[in-house]
Amino acid sequence: MSGQALPDHSQRSSGVLGAGQLFSVLAIVFGAVALSELIGNVSIPLGFTKVVLFPFLWALLFCAAISVLQRRLDTLRARSVAMQTLSGHFVQVAILLFVAKLGFIVGENLRLIIDAGWILVLQEIGNFVGTMLLAMPVALLLGIKREAVGATFSIGRENGIAIISERYGMGSPEGRGVLAEYITGSVLGAVFMALLAAAIAQLGWFSPQALGMAAGIGSGSMTAAAVGALGSQFPQAASEIAALAAASNLITTVVGTYIILFVSLPFANWLYRKLEPAIGGAARAIAPEDLDRPAEVETGLPATLAALGASAAMALVGNRIATGTAIADALPGMLILLGATVVGMAIGHLTRRFGLPNLLWISLIGMILGATFSPFAASLNPLVAKLGLLPLVTPVLAFAGLALAKDLPLLRALGWRIIVVSLLANAGAFLAGATIAELAR
């Protein structure tokens, strides 16, 4: 979503994905979304707490199973890799509708955001430092070496990859570490954050507002999943949670690159130098030849717009099943979100030389249109309100599930240890952000 191409850990194939394969991707995801929304939420008691399994989890699991099955069938393997790569691209497209919705929520709650502004900035630093305080010692205890720096200095999204690529190169241990964090976050991050947020909310340690601020950790899919889980746990504060998470995520997007460049990465290197001699063990380096390099597929504007339109249609169907709102009643709100998304994407394309992501522009457009000072707010906000947050998330995780199989060889090469460390880094960001937000309130 940042508009920055990932570094050279993959190679491009020749040609553009065919219309038949594009239709297959959208049809599979559409079916998974509808079935998942029909299943709905399932609560599982776990001793002192409970975990709520949301429709987006079912969608991810259904599509992941299809993805793995396709890859194992020789007759479908080559075709499935292309479909999986395209699905990975569509994750970043589908999440933009959720970002637009959050923009409107921020606009409606602008006064709340302004009042909490300095806390949001403060806990943002905690997000990044928290990744290292929790995950770095575990990484060293597990025998991981310099890969630990790349895997723990941030939650490993596109800006983190760009910084590590420029500083160390993607063939370095640090590069392999941040790549593992990126893949783990893309494949497992959203589900992990949903389960973590739901479990922490049940403990009663933090207010809904603090948890909302902590949910904006700089990843659209992870934020979406955490917001959905928290909104289900605290329905009376769902709008406030979403607004604070969106504002926190926006701050992460705007200033996060500078924080991880000038604070997090130097701190990660300092912490590694201090801790490694004391608790670091012997580790087998992850060699570059261990890594599988799946081919990429060229995607153009027609495929992107098709995915955006299909995601909107899926969300409308899911919203009908989940909330009971008729598709005709929710359609005007969806058209508003689509309009904000397309305009934001156009602005992002025109300003791409500045490195500003599409989600920043889309969120700002939604915020301005939905703000109390906007002459359009009174007309637009009630229409957008007919769309729930969770139905906008389900297509995102369905695309992520369908993209999963192509990353399995790389995850196997990097090993289970780095996956544990990556998930702990995400947990550390959430817990540190929540702690600082709670103490500063």
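Reference entry: report on the structure contained in this document. Everything numeric in this text was worked out from a predicted model, so none of it was measured. (Residues numbered from 1 in each chain as written. Predicted model: local features only at pLDDT ≥ 70, side-chain atom pairs only at ≥ 80, totals over all residues. Heavy atoms only, no water.)

**Brief notes about the overall build of the protein chain**
The helix and strand inventory of the protein chain stands at 18 helices and four strands. In the protein chain, buried positions account for 59% of the 441 residues. Sequence separation of at least 24 residues holds for 83% of the intrachain contacts in the protein chain that already meet a minimum separation of 6. For the protein chain, the accessible surface area stands at approximately 17,200 Å², while carbon and sulfur atoms represent 66% of it. (Helix = DSSP H or I, 4+ residues; strand = E, 2+ residues; numbered from the N terminus. Buried < 20%, exposed > 50% of the residue type's maximum accessible area, 1.4 Å probe, protein only. Contact = heavy atoms within 4.5 Å. Areas by Shrake-Rupley, 256 points an atom, 1.4 Å probe, with all protein chains shown as cover.)

**With respect to a nonpolar patch on the surface**
A contiguous nonpolar patch, built from Leu35, Ile39 and Val42 and spanning about 220 Å² of accessible area, is present on the exposed surface. Following the sequence through the fold, Ile39 ends up in helix α1 (residues 19–39). (Patch = residues over 30% accessible without salt bridge, like charges linked within 9 Å, V, L, I, M, F, W, Y side chains within 5 Å. Salt bridge = Lys/Arg side-chain N within 4 Å of Asp/Glu carboxyl O.)

**Quick notes on helix α16 (residues 390–402)**
With 13 residues, α16 ought to run about 18 Å at 1.5 Å a step, and its terminal C-alpha atoms sit 19 Å apart, in line with that. Along α16, twelve of the 13 residues are buried, which leaves the element largely enclosed by surrounding structure. For α16, every residue scored as buried is listed here: Pro391, Leu392, Val393, Thr394, Pro395, Val396, Leu397, Ala398, Phe399, Ala400, Gly401 and Leu402. (Expected span 1.5 Å × (residues − 1).)

**Looking at the pattern of salt bridges**
Per the stated rule, a full pass over the model turns up two salt bridges. Close ionic contact of Lys145 with Glu276 constitutes a salt bridge, the shortest N to O distance being 2.6 Å. Residue Lys145 is located in the loop between α5 (117–141) and α6 (147–152), and its partner Glu276 is located in helix α11 (residues 238–279); the two are separated by 131 residues in the primary sequence. Lys145 gets classed as partly exposed once you look at its relative accessible area, which sits at 25%. With a closest N to O distance of 2.7 Å, Arg146 and Glu174 form a salt bridge. Residue Arg146 is located in the loop between α5 and α6, and its partner Glu174 is located in helix α8 (residues 173–203); the two are separated by 28 residues in the primary sequence. What makes Glu174 buried here is its relative accessible area of 6%.

**So, the side chain of Thr341**
Within the element layout of this structure, Thr341 appears in helix α13 (residues 327–350). Classification of Thr341 as buried rests on a relative accessible area of 0%. The residues contacting Thr341, other than those within four sequence positions of it, are Leu96, Leu97, Ala100, Leu308 and Ile362.

**Quick notes on the packing of α13 against helix α15 (residues 377–384)**
At a minimum axis distance of 7 Å, the contact between α13 and α15 shows a crossing angle of 110°. Judged by the angle between their axes, α13 and α15 are roughly perpendicular. Remark: the crossing between α13 and α15 carries left-handed chirality. Between α13 and α15, the contacting residues are Pro332, Gly333, Ile336 and Leu337 on the first element and Leu380, Leu383 and Val384 on the second. (Axes fitted to C-alpha atoms, helices over the stretch in contact; angles between N-to-C directions. Parallel < 35°, antiparallel > 145°, perpendicular 65-115°, else oblique. Left-handed = near helix turned anticlockwise from the far one by under 90°.)

**Comments concerning the packing of α1 against helix α2 (residues 55–72)**
Interaxial distance between α1 and α2 falls to 8 Å at its minimum, and their mutual angle equals 140°. The pairing of α1 with α2 is recorded here as oblique in orientation. For the pair α1 and α2, the crossing hand works out as right-handed. Side by side, α1 and α2 meet where Ile28, Val29, Ala32, Leu35, Ser36, Glu37 and Ile39 of the first sit next to Pro55, Trp58, Ala59, Phe62, Cys63, Ile66 and Gln70 of the second. Class assignment for the residues of the contact of α1 with α2 results in eleven nonpolar, two polar and one charged. (Nonpolar A, V, L, I, M, F, W, Y, C, P; charged D, E, K, R; others polar.)

**Observations regarding the packing of aromatic side chains**
According to the stated counting rule, one finds two aromatic pairs in the structure shown. Measuring from ring centre to ring centre gives 5.5 Å for Phe90 and Phe399, while their planes differ by 75°; the resulting arrangement is edge-to-face. Placement of Phe90 in helix α3 (residues 77–108) and of Phe399 in helix α16 is noted, with a sequence separation of 309 residues between them. Consider the rings of Phe267 and Trp270, whose centres lie 5.8 Å apart with planes at 25°: the pair is stacked. Taken as a pair, Phe267 and Trp270 lie in helix α11 at a separation of three residues, close to a single helical turn. (Phe/Tyr/Trp six-rings, centres within 6.5 Å; stacked < 30°, edge-to-face > 60°.)

**Quick word on the environment of Leu397**
Relative to the elements of secondary structure, Leu397 occurs in helix α16. Measuring from C-alpha to C-alpha, the distance between Leu397 and Val91 comes to 7.3 Å, with 306 residues separating the pair along the chain. Here Leu397 is in contact with Phe56, Leu60, Ala190 and Val191, once residues within four sequence places are set aside.

**Details of α1**
Its 21 residues place the ends of α1 30 Å apart at the C-alpha level, agreeing with the 30 Å of an ideal helix rising 1.5 Å per residue. Listed in full, the buried residues belonging to α1 are Gln21, Leu22, Ser24, Val25, Leu26, Val29, Ala32, Val33, Ser36 and Glu37.

**Let's talk about the environment of Met334**
Position of Met334 among the secondary structure elements: in helix α13. Residue class for Met334 comes out buried when judged on its relative accessible area of 1%. The spatial distance from the C-alpha of Met334 to the C-alpha of Lys386 is 8.9 Å, given a sequence separation of 52 residues. When residues no more than four places from it in sequence are discounted, the contact partners of Met334 are Leu97, Ala312, Ala315, Leu316, Leu387 and Leu392.

**Notes on the nonpolar core**
Judged by nonpolar contacts, the single largest core of 100 residues is most densely connected at Phe90, Leu211, Met334, Phe399 and Phe430. In terms of residue count, α3 provides more of this core than any other element does, 16 residues in total. Residues Leu265, Ala268, Ile419 and Leu423 belong to the second largest nonpolar core, which totals 23 residues. (Core = buried A, V, L, I, M, F, W, Y, C linked by side-chain atoms within 4.5 Å.)

**Considering the side chain of Thr223**
Along the chain, the position of Thr223 falls in helix α10 (residues 220–233). Apart from the residues within four sequence positions on either side, Thr223 is in contact with Ala215, Gly216, Ile217, Gly218, Ala245 and Asn249.

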